[in-house]
Amino acid sequence: MTTTVFADRLRNAMIDRGMKQIDLVHAAERRGVKMGKSHISQYVAGKTMPREDVLDFLAGELRVDAGWLRGDVRGESVGNPDTFSSAAYPDSEDTAENDPIVEPSPEPTHAERPSGAAATPSTDGVAPRRRAFGKSHKLDNVLYDVRGPVVDEAARMEADGTHILKLNIGNPAPFGFRTPDEVVYDMAHQLTETEGYSPSKGLFSARKAIMQYAQLKNLPNVTIDDIYTGNGVSELINLCMSALLDDGDEVLIPSPDYPLWTACVNLAGGTAVHYVCDEQSEWYPDLDDIRSKITDRTVAIVLINPNNPTGALYPKEVLQEIVDIAREHQLMIFSDEIYDRLVMDGLTHTSIASLAPDLFCVTFSGLSKSHMIAGYRVGWMVLSGNKRIARDYIEGINMLANMRICSNVPAQSIVQTALGGHQSVNDYVVPGGRLYEQREYIYDAINAIPGLSAVKPKAAFYIFPKIDVKRFNIHDDEQFALDLLHDERILITRGGGFNWDKPDHFRIVYLPRIEVLKDATAKIGDFFSYYWQN
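Residues numbered from 1 in each chain as written. Predicted model: local features only at pLDDT ≥ 70, side-chain atom pairs only at ≥ 80, totals over all residues. Heavy atoms only, no water.

Trainee: So, the overall build of the protein: which residues are in play, and what are the values?
Mentor: For the protein, the count of helices and strands is 20 helices and 17 strands. Sorting the 534 residues of the protein into buried and exposed places 54% on the buried side. A separation threshold of at least 6 residues defines the contact pool for the protein, and within that pool the share at least 24 residues apart is 72%. Of the accessible surface of the protein, which amounts to about 23400 Å², a share of 50% is contributed by carbon and sulfur atoms. (Helix = DSSP H or I, 4+ residues; strand = E, 2+ residues; numbered from the N terminus. Buried < 20%, exposed > 50% of the residue type's maximum accessible area, 1.4 Å probe, protein only. Contact = heavy atoms within 4.5 Å. Areas by Shrake-Rupley, 256 points an atom, 1.4 Å probe, with all protein chains shown as cover.)

And the structure:
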């Protein structure tokens, strides 16, 4: 069995049946099969093989034999051989000339094999089934298209020598943003002192600096024991969801979101329930939608403020209403505030935890974005408010924090330096500053393209344009992203990658300098001048 053979046969069968990827996704939805856009894209691209139940579904929809589709040679099909005729598929590889070696069919996966059973040699002359190891079913509902199939295609094109402009990921360093000199100097001088493990929560000096920063943000009831450092915020989000959720527990997450939140909730066995952020209201959370999504299984609500991917900044009044909802329904609050120092237009960021001293809150932040050191992986979380009601949960957090030993110790060593003294990020977000001027340019340029519109971001370095899908006949945003990549060599992230349920948005990272953004927006404008999705 090879993924290449499977992918070739899948594509051929889809062509013969006149079916597109989205047709199979819709069919899967109707039949209750767990197979989304990202899954079928990976199958067609030859990146992975489906589970047996999904493969049987695909074979049924495409009216081919499951064994043939899997890649078995003629006479070795596991499915019903009578349903497949090699004459009907002249381009298939089912000939002795093209496939001279009979490749044995796979054995049941580790989950399928009976306990204690072992592979036994065949006694009837047929090659024994080879055991295959499949991915966990826990990944069925996990999506992370920021580094998904479109990115894989971009990597393939780069390997062939094509230059790709990457506007898909918030990584400052490739666009000329440099780490403050003092931070580099201090890390270099502390390397010999940071060769061993630190305490699981982090170095005292780092946590002390974070605690003082939390005090400046008015987070209530915070001590140094409430600070945890992490290998970026991403690790801590995963840790928090794993420590909290039982199967079926629900967590309210914004749509659009940073997809790691949804992925970690689902991976931990919970259910991500998405509340809408309203584009017509500066992308603020729809409070009525939040209320309508709360059930007796809801345990927490997630805020991403400032927001990725929209660049929205939530005012204190909106935050207070969310606190009131959380208080009424006794919910925990998780607040992702990694962009809290990248705020423009003279606005200020308010931490929602500062408004909720009687609730239990977990606030996430770090240095990846504000100090342009994403590769250092410096993140942290702060527990605040009413910790008495979360004692057992905190014990679970401590257990998982101990299991991962500690976060990157050399990176921890520069937290105190980074948070003290002059904050160079402030120079980027004022008129004349690089991020401010790039934000101004991209906003005007996107809104000047017929068929596109965008709300002006107030923070971070993303913009989330809306596409007039009727004008361009767009019904599949992943296909749109691939078409833009192939035609203009520009890599963006589709709206669906942020758990937005319509194919009418995409995210642009506006970290490149203005001259690069000018070239990019000119190409995007040219693309939309002729684009019509088939």
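Trainee: How would you explain the sheet that holds strand β16 (residues 493-494) if you had to name every residue and give the values?
Mentor: The strand order across the open sheet built from three strands is β13-β17-β16, with neighbouring strands paired in antiparallel fashion. Two strands bound the open sheet, and with one partner strand each, they are β13 (462-463) and β16. Direction of pairing for β16 relative to strand β17 (residues 506-509): antiparallel, over a ladder of two bridges. Counterpart to T493 in the pairing with β17 is R507. (Pairing = 2+ DSSP bridges.)

Trainee: If you had to explain the pairing of strand β4 (residues 227-231) to someone new, which residues and values would you point to?
Mentor: On a regular strand, one side chain projects to one face of the sheet and the next to the other, so that they alternate. Counting buried residues in β4 gives four out of five residues, a clear majority hidden from the surface. For β4 and strand β11 (residues 378-385), the ladder comprises five bridges, and the chain directions are antiparallel. Within β11, the position partnered with Y228 by the bridge is M381.

Trainee: Any chance you could break down the side chain of T179 for me, citing the residues and the numbers?
Mentor: Structurally, T179 is set in the loop between β3 (165-166) and α7 (181-190). Relative accessible area serves as the criterion here: at 18%, T179 is assigned to the buried category. With near-sequence residues (within four places) excluded, T179 lies in contact with V184, H371, M372, I373 and Y376.

Trainee: Give me the lowdown on the environment of A154, citing residues and values where you can.
Mentor: Position of A154 relative to the elements: it lies in helix α6 (residues 149-159). In sequence terms A154 and L482 are 328 residues apart; their C-alpha atoms lie 8.8 Å from each other. Here A154 is in contact with I164, L485 and L491, once residues within four sequence places are set aside.

Trainee: Please provide a residue-by-residue account of the nonpolar core, values included.
Mentor: One finds W261, F334, F364, F480 and F528 to be the most contacted residues of the largest nonpolar core, which totals 82 residues. Core analysis: the next-biggest nonpolar cluster, separate from the first, contains 52 residues, Y275, A312, A326 and L355 among them. (Core = buried A, V, L, I, M, F, W, Y, C linked by side-chain atoms within 4.5 Å.)

Trainee: Describe the pairing of strand β8 (residues 298-304), and please don't skip the residues or the numbers.
Mentor: Counting buried residues along β8, six of its seven residues qualify, which places the element largely inside the surrounding structure. Relative to β8, strand β5 (residues 250-255) runs parallel, the two sharing three bridges. Bridge assignment links V251 to a residue of β8, and that residue is A300. Tracing the backbone out of β8, into helix α12 (residues 316-329) and back to the parallel element strand β9 (residues 332-336) gives a crossover that is right-handed. (Right-handed = clockwise from strand over helix to strand, strands pointing away.)

Trainee: Go over the packing of aromatic side chains with me, naming the residues and quoting the values.
Mentor: Aromatic ring pairs are reported here in terms of the distance separating the ring centres and the angle at which the planes meet. Evaluation of the coordinates by the stated rule reveals 21 aromatic pairs. Both rings, one in F6 and one in Y43, keep their centres 6.3 Å apart while their planes meet at 75°; by these two values the pair is edge-to-face. Placement of F6 in helix α1 (residues 3-17) and of Y43 in helix α3 (residues 37-44) is noted, with a sequence separation of 37 residues between them. On the basis of relative accessibility, which here comes to 0%, the residue F6 falls in the buried class. Ring plane angle 80° and centroid distance 5.5 Å describe the contact between W261 and F364, whose orientation is recorded as edge-to-face. With W261 in helix α10 (residues 259-267) and F364 in strand β10 (residues 360-366), this residue pair connects regions lying 103 residues apart in the sequence. Cluster of aromatic residues (ring-pair linked, three or more members): F472, F480, F506, F527, F528, Y530 and Y531. Seen from the ring of F177, R434 lies directly overhead, with NZ or CZ sitting 3.9 Å from the centre. (Phe/Tyr/Trp six-rings, centres within 6.5 Å; stacked < 30°, edge-to-face > 60°. Lys NZ or Arg CZ within 6 Å of the ring centre and 35° of its normal.)

Trainee: Give a detailed account of the side chain of S365, specifying residues and quantitative values.
Mentor: Tracing the backbone shows S365 in strand β10. A distance of 3.1 Å separates the side chain of S365 from the side chain of R341, its partner in a polar contact. With near-sequence residues (within four places) excluded, S365 lies in contact with V233, E337, I338, D340, R341, G379 and W380. (Polar contact = N/O pair within 3.5 Å; in protein donor to acceptor, adjacent residues only side chain to side chain.)

Trainee: Explain the sheet that holds β9 to me, using residue names and the numbers behind them.
Mentor: Either a parallel or an antiparallel arrangement is found when strands of a sheet pair, and the pairing is made through backbone hydrogen bonds. Strand order in this open sheet of eight strands is β4-β11-β10-β9-β8-β5-β6-β7, and the pairing throughout is mixed. Pairing within the sheet leaves two strands with one partner each, and these edge strands are β4 and β7 (284-285). Most of the contacts of α10 go to strand β6 (residues 271-278), to which it runs at about 160°, and overall it touches β5, β6, β8, β9 and β10. (Axes fitted to C-alpha atoms, helices over the stretch in contact; angles between N-to-C directions.)

Trainee: Please give an account of the packing of α6 against helix α19 (residues 477-488) that cites residues and values.
Mentor: It is at 10 Å that the axes of α6 and α19 come closest, and there the two elements cross at 15°. Between α6 and α19, the angle is such that the two are roughly parallel. Pair α6 / α19 crosses with right-handed handedness. Across the interface between the two elements, P149, V150, E153, A154 and M157 of α6 pack against E478, A481, L482, L485 and H486 of α19. Of the residues in the contact of α6 with α19, the class split is seven nonpolar, one polar and two charged. (Parallel < 35°, antiparallel > 145°, perpendicular 65-115°, else oblique. Left-handed = near helix turned anticlockwise from the far one by under 90°. Nonpolar A, V, L, I, M, F, W, Y, C, P; charged D, E, K, R; others polar.)

Trainee: If you had to explain the pattern of salt bridges to someone new, which residues and values would you point to?
Mentor: Taken as a whole and judged by the stated rule, the model has 24 salt bridges. With a closest N to O distance of 3.0 Å, R341 and D340 form a salt bridge. Given the relative accessible area of 11%, R341 is considered buried. We note a salt bridge from D477 to R494, for which the minimum N-O separation is 2.9 Å. Note that D477 is positioned in helix α19 and R494 in strand β16, a separation of 17 residues in sequence. Pair check on accessibility: D477 and R494 agree, each one buried. Within the structure, one salt-bridge network assembled from shared partners comprises D345, R439, E440 and K456. (Salt bridge = Lys/Arg side-chain N within 4 Å of Asp/Glu carboxyl O.)

Trainee: Let's hear about helix α2 (residues 21-31): which residues, and what values?
Mentor: Among the residues of α2, I22, L24, V25, A27 and A28 are the ones counted as buried. Buried residues along α2 sit in contact with α1, α3 and α4 (52-62). G32 occupies a position one or two residues after α2 and carries a positive phi of about 75°.

Trainee: Account for the packing of α2 against α3, naming residues and giving values.
Mentor: In the contact formed by α2 and α3, the axes pass within 9 Å of each other and the chain directions differ by 130°. If you check the angle between α2 and α3, you find them oblique. At the point where α2 passes α3, the crossing takes the right-handed sense. Only K37, I40, S41 and V44 of α3 make contact with α2, whose side of the interface consists of Q21, I22, L24 and V25. Broken down by class, the residue content of the contact of α2 with α3 amounts to five nonpolar, two polar and one charged.

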